[in-house]
Amino acid sequence: MQIYRDLNLKVISKEFISSNVIFLRVEPDRLLRYEAGQYFSFSIEPKVNRSYSVASAPGDEFIEFLIDVTNPGKGADFVRGLNENDSIVCIGPLGFFTLSKTNHENASQFLLVGTGTGIAPLRSMIRELLIYKQETRKIILYFGLRYGEDMYLYDEFVELQKKFPNFLFNMVISRPSDNWRGLTGYCQHHIGSDGIDLNTNVYICGSTKNVNSIKEHLINIGCPKAKIFEEKYG
Ligand SMILES: Cc1cc2nc3c(=O)[nH]c(=O)nc-3n(C[C@H](O)[C@H](O)[C@H](O)COP(=O)(O)OP(=O)(O)OC[C@H]3O[C@@H](n4cnc5c(N)ncnc54)[C@H](O)[C@@H]3O)c2cc1C
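Every value quoted in this text rests on a predicted model; they were computed, and no experiment measured them.

1. Describing the overall build of the chain
Regarding its fold elements, the chain presents 4 helices and 12 strands. The C-alpha radius of gyration of the chain comes to 17 Å, within 12% of the 17 Å expected for a compact globule of 234 residues. Buried positions account for 37% of the 234 residues belonging to the chain.

2. What about the sheet that holds strand E3 (residues 39–45)?
The 6 strands lie next to each other as E4-E3-E6-E1-E2-E5, forming an open sheet whose pairing is antiparallel. Two strands in the sheet have a free side with no partner beyond their single neighbour: strand E4 (48–53) and strand E5 (63–68). Ignoring strand direction, the axes of neighbouring strands in this sheet form an average angle of 40°. Pairing analysis gives 3 bridges linking E3 to strand E6 (residues 87–94), with the strands arranged antiparallel. If you follow Ser 41 over to E6, its bridge partner there is Ile 91.

3. Brief notes about the nonpolar core
Core analysis: the largest hydrophobic core is formed by 54 residues, its most contacted members being Leu 112 and Tyr 203. With 6 residues, helix H2 (residues 119–132) is the largest single contributor of residues to this core. When residues of this core are assigned to domains, at least three map to each of domain 1 (4–94) and domain 2 (100–232). Apart from residues no more than four positions distant in its own chain, Tyr 203 is found in contact with Phe 110, Leu 112, Leu 122, Met 125 and Phe 229.

4. Topic: the domain arrangement of the chain
We note that the domain assignment places domain 1 (4–94) and domain 2 (100–232) within the chain. When each unit is reduced to the centre of its C-alpha atoms, the spacing between domain 1 and domain 2 is 23 Å. Contacts between the two partners involve 19 residues from domain 1, matched on the other side by 17 residues from domain 2. Only strand E1 (4–18) and E5 provide two or more residues apiece to the side of domain 1 that touches domain 2. Residue composition of the side of domain 1 that touches domain 2, grouped by class: 10 nonpolar, 6 polar and 3 charged.

5. What about the site of the ligand?
Within the structure, the ligand sits among 21 residues, and Asp 68, Asn 71, Gly 73, Gly 75 and Ala 76 are positioned closest to it. Among the residues forming the shell around the ligand, the class breakdown is 9 nonpolar, 8 polar and 4 charged.

6. Some words on the sheet that holds strand E9 (residues 167–173)
If you trace the 6 strands from one edge of the open sheet to the other, you get E10-E9-E8-E7-E11-E12, paired in parallel fashion. On the outer flanks of this sheet lie strand E10 (183–184) and strand E12 (228–232), each paired with one strand and no other. Here E9 runs beside E10; their pairing, made up of 2 bridges, is parallel. In the sheet register, Ile 173 faces E10, and the bridge partner there is Thr 184. Together, strand E7 (109–115), strand E8 (139–145), E9, strand E11 (200–206) and E12 form the strand contacts of H2, whose direction differs from that of E8 by roughly 155°. The sheet contacts of helix H4 (residues 208–220) involve E7, E11 and E12, and relative to E11 the element is tilted by about 155°.

7. Comments concerning unusual backbone geometry
Geometrically, the link from Gly 92 to Pro 93 is a cis peptide bond, its omega value of -5° lying close to zero. Topologically, Pro 93 is positioned in strand E6. Despite not being glycine, Lys 47 shows a phi value in the positive range, around 70°. One can find Lys 47 in the loop between E3 and E4.

Cut-offs and rules
- Residues numbered from 1 in each chain as written.
- Predicted model: local features only at pLDDT ≥ 70, side-chain atom pairs only at ≥ 80, totals over all residues.
- Helix = DSSP H or I, 4+ residues; strand = E, 2+ residues; numbered from the N terminus.
- Rg over C-alpha atoms; globule rule 2.2 N^0.38 Å.
- Buried ≥ 20, exposed ≤ 12 C-beta atoms within 10 Å, placed from the backbone.
- Pairing = 2+ DSSP bridges.
- Axes fitted to C-alpha atoms, helices over the stretch in contact; angles between N-to-C directions.
- Core = buried A, V, L, I, M, F, W, Y, C linked by C-beta atoms within 7 Å.
- Domains from an automatic or database assignment.
- Contact = placed C-beta atoms within 7 Å.
- Nonpolar A, V, L, I, M, F, W, Y, C, P; charged D, E, K, R; others polar.
- Near = placed C-beta within 6 Å.

What follows is the structure, encoded as structure tokens:
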């Protein structure tokens, strides 16, 4: 897959989908191929780059990103300041957190665990598998967020679950309000060894701390290390 060093992404739309997460839709200045799970490196200012995973699937009309702008930072401030029709200079597509690099053809099923905007590359894979590849193996998603009030993508995953019986969606809220009726705590609290076999491909994405603790749990319950793939946001 070709990596472009001078790519321009035109902002088609920018929308807050929760109080601190921006859903960015862009159009590249050329026809390019990327794989579900890859990322682009945005040039924020000379010699300052920030990586953002693609949340769309390669067959989607636009490239989409989910960007957490909770904390001030060079990347967050840059994305907050973007307007429609602005151009983002970037390098990409980059990265190996992809289905093709993880021997997915031989997996019995897929277990995906994402926290916060770590859901982005997992959404890309889910869309790729279900919508574009008519995947029939089981795809189990655990999506962890802190607050139910700030939930995003919930309706989209519920809709996919209705449409595709092999897709099992679990939303997990760590600091729920009194009216949240779903799963609480951390994703790993709800993942047991039941139903997970030695051929399950596992994909984890989120902050380093979250990825490490989820991975440790999965190894403890018997998932082979070689079947666990991760993307850490730092
Ligand atoms: C492969 C990869 C893919 C990624 N994909 C995504 C993605 O899809 N979505 C996503 O949201 N993130 C993603 N990230 C993380 C992203 O690249 C950035 O690291 C992250 O958004 C923080 O960058 P920043 O420039 O906003 O903060 P930085 O400038 O790097 O600062 C880091 C932290 O320091 C603190 N800080 C900095 N400046 C100030 C200030 N002025 N006042 C107070 N505190 C401050 C803040 O806590 C801030 O979060 C990815 C990372 C990698 C490696």
